[in-house]
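The primary structure of each chain is shown beneath.
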Amino acid sequence: MVAQAQASKNLHDTARSLRHQPHLVKAVASKVRGCSLRGITICFFITFVLFNGTTRMTLEENPQSKASINGARTSNSGKGRRIAGPFDDTSSVFVIQAADGAYAEKMKSLMEINKKWAGCTNYTYELKTLSSTGNVYSQKVQAIHDALESAKENDWIIYLDADVFYKADSCDALENMLPTESKSSGQLCEFISMTSSHTINTGVLLLKSSHATKQLVRKWLEEQRKPDKLLSFGAADQLSLQEAVMGNVLGASYTGRCSNLNDQSKRNYCFQQHIPEEYRSLQNMCLIPCNDKVPLQCQDCNGECNRTLAVFKHDSKRERYVAKHGYPGESNTN
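Keep in mind it's a predicted model, so treat the numbers as computed, not measured.

Caption draft 1: Quick look at the state of the cysteines. This structure, assessed with the given rule, holds five disulfides. Between Cys290 and Cys301 runs a disulfide, and the two sulfur atoms are separated by 1.9 Å. Across the S-S bond of Cys290 and Cys301 the torsion is about -80°, and the bridge reads as left-handed. With Cys290 in the loop between β7 (285–289) and β8 (312–314) and Cys301 in the loop between β7 and β8, this residue pair connects regions lying eleven residues apart in the sequence. Of the two residues, Cys290 and Cys301, neither departs from the other in class, the shared state being buried. Residue Cys298 pairs covalently with Cys305 via a disulfide, S to S 1.9 Å. Between Cys298 and Cys305, the S-S dihedral sits near -75°, and the bridge is therefore left-handed. Residues Cys298 and Cys305 agree in their burial class; the two are buried.

In structure tokens form, the structure reads like this:
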């Protein structure tokens, strides 16, 4: 029995080693085709391990192995591979996060997870440093604006809040779940986020460098910079984005009624009335609902969101940290 177990282990190790040796694949395949009935179990085992290993890649495995399987360039430019979702082989993809020094240090372990994911998907990762003074929400929107403005046409920006981390078990889970076109308009997706019944969550955003998306983000920044006390805490940047979206979608018929309300919850409800959840994936906007089969993330969602399959997660420790220390610049309105 010991000898049999050792032989099985050696066979498994050999099969695993073959995963990353493409030049041996044909040889193995040839041997498998010539298997006799007597050795069919062993042949099947080798084939299963080999091809299962080459088609699935987890974050614990060598990132460069996945890059080789998919024919990617090894440089960290976020470019050079054709993948699922709205990206293509002409797109460079940039993952950005933003935080002041103290909060970045607090969330360092989560950011390291995102860096590792960016590496295995051949994206470019960047942490943008925010000031510890001033309105942190305005700084966040400014960082997104600047990244988008400096990106080349057709490039993509993936923005993640500092307390968000990639939790899926494979490097390409995000690419595989993203929509490619708006459900209502049929236009190609250029702005992707998660939406619940009452809001658009800005913890995870995907933005294509296009004229329409840049116009929307410029409007978002303009709204966020307004001297409004409700834009300096809580869901501040979500409220300002919702104002920009309503202005963009509803045009002259929207007169800014929601921004005149003196409560964040009331503004969310006002947004819900103007653009119900089922009508939010329109124009070039692809807003993923909480009950999607594989959610982008589940923040602001209720029990209808599958947290197990969600690609990203907000760290629950953030609330305890904020309760103790507060957000940088929370009391400021500029």
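Caption draft 2: Representation of the pairing of strand β6 (residues 200–208) in the model. Most of β6 sits out of view: nine of its nine residues are buried. Bridge analysis of strand β5 (residues 191–195) against β6 gives four bridges, and the strand direction is antiparallel. Bridged to Phe191 within β6 is Leu207. Adjacent in sequence and paired antiparallel, β5 and β6 are bridged by four residues.

Caption draft 3: Seen up close, unusual backbone geometry. Of note in this structure, Asn122 is not a glycine but carries a positive phi near 65°. Counting through the fold element by element, Asn122 comes out in the loop between α6 (108–120) and β2 (124–129). Residue classification places Asn122 among the buried positions, given a relative accessible area of 6%.

Caption draft 4: Representation of the nonpolar core within the structure. Trp117, Ile158, Leu174, Leu206, Leu296 and Phe312 are the most contacted members of the largest nonpolar core, which has 42 residues in total. Counting residues per element, this core draws most heavily on α6, at five residues. Apart from the residues lying within four places of it in its own chain, the contact partners of Leu174 are Trp117, Ile158, Tyr166, Leu206, Leu296, Val311 and Phe312. Ala143, Val245, Met246 and Cys258 belong to the second-largest nonpolar core, a separate cluster that totals 35 residues.

Caption draft 5: Local environment of the side chain of Gln238. Inspection of the secondary structure assignment puts Gln238 in helix α10 (residues 236–250). Polar contacts involving the side chain of Gln238 include one to the main-chain amide nitrogen of Thr202, which spans 3.4 Å. What Gln238 contacts, discounting residues up to four positions off in sequence, is Thr199, Ile200, Asn201, Thr202 and Asp300.

Caption draft 6: Quick peek at the pattern of salt bridges. Per the stated rule, a full pass over the model turns up nine salt bridges. Here Asp237 ties to Lys140 by a salt bridge, and the two come within 2.7 Å at their closest N and O atoms. Taken together, the positions of Asp237 in helix α10 and Lys140 in helix α7 (residues 136–150) put the pair 97 residues apart, joining distant regions of the chain. Here Asp237 matches Lys140 in class, with each residue buried. A salt bridge links Lys219 to Glu223; its shortest N-O distance comes to 3.4 Å.

Caption draft 7: Layout of the sheet that holds strand β1 (residues 93–99). Taking strand neighbours across the sheet as the criterion, the six strands line up as β2-β1-β3-β6-β5-β7 in an open arrangement whose pairing is mixed. Each edge of the open sheet carries a strand with a single partner, namely β2 and β7. Strand-to-strand twist across the sheet, computed as the mean angle between neighbouring axes with direction ignored, equals 25°. Alignment of β1 against strand β3 (residues 156–160), held across four bridges, turns out to be parallel. For Phe94, the partnering residue across the bridge sits in β3 and is Ile157.

Caption draft 8: How the structure looks around the packing of aromatic side chains. Scanning the model with the defined rule gives six aromatic pairs in all. Between Trp117 and Tyr166 the ring centres are 4.5 Å apart and the planes differ by 10°, which places this aromatic pair in the stacked class. With a gap of 49 residues between them, Trp117 in helix α6 and Tyr166 in strand β4 (residues 164–166) connect regions that are remote in the sequence. In this pair, the class of Trp117 matches that of Tyr166, namely buried. Consider the rings of Trp117 and Phe312, whose centres lie 5.6 Å apart with planes at 85°: the pair is edge-to-face.

Caption draft 9: Highlighting the confidence of the model for the protein. In the predicted model, the protein carries a mean pLDDT of 78, and 69% of its residues have values of at least 70. pLDDT under 50 marks residues 40–58. Its contacts with residues more than four places away, or in other chains, come to 33 contacts. Low confidence marks residues 60–78, where pLDDT is under 50. Its contacts with residues over four positions away, or in another chain, come to 40 contacts.

Rules behind the numbers
Residues numbered from 1 in each chain as written. Predicted model: local features only at pLDDT ≥ 70, side-chain atom pairs only at ≥ 80, totals over all residues. Heavy atoms only, no water. Disulfide = S-S within 2.5 Å. Helix = DSSP H or I, 4+ residues; strand = E, 2+ residues; numbered from the N terminus. Buried < 20%, exposed > 50% of the residue type's maximum accessible area, 1.4 Å probe, protein only. Pairing = 2+ DSSP bridges. Core = buried A, V, L, I, M, F, W, Y, C linked by side-chain atoms within 4.5 Å. Contact = heavy atoms within 4.5 Å. Polar contact = N/O pair within 3.5 Å; in protein donor to acceptor, adjacent residues only side chain to side chain. Salt bridge = Lys/Arg side-chain N within 4 Å of Asp/Glu carboxyl O. Axes fitted to C-alpha atoms, helices over the stretch in contact; angles between N-to-C directions. Phe/Tyr/Trp six-rings, centres within 6.5 Å; stacked < 30°, edge-to-face > 60°. pLDDT = per-residue confidence, 0-100.

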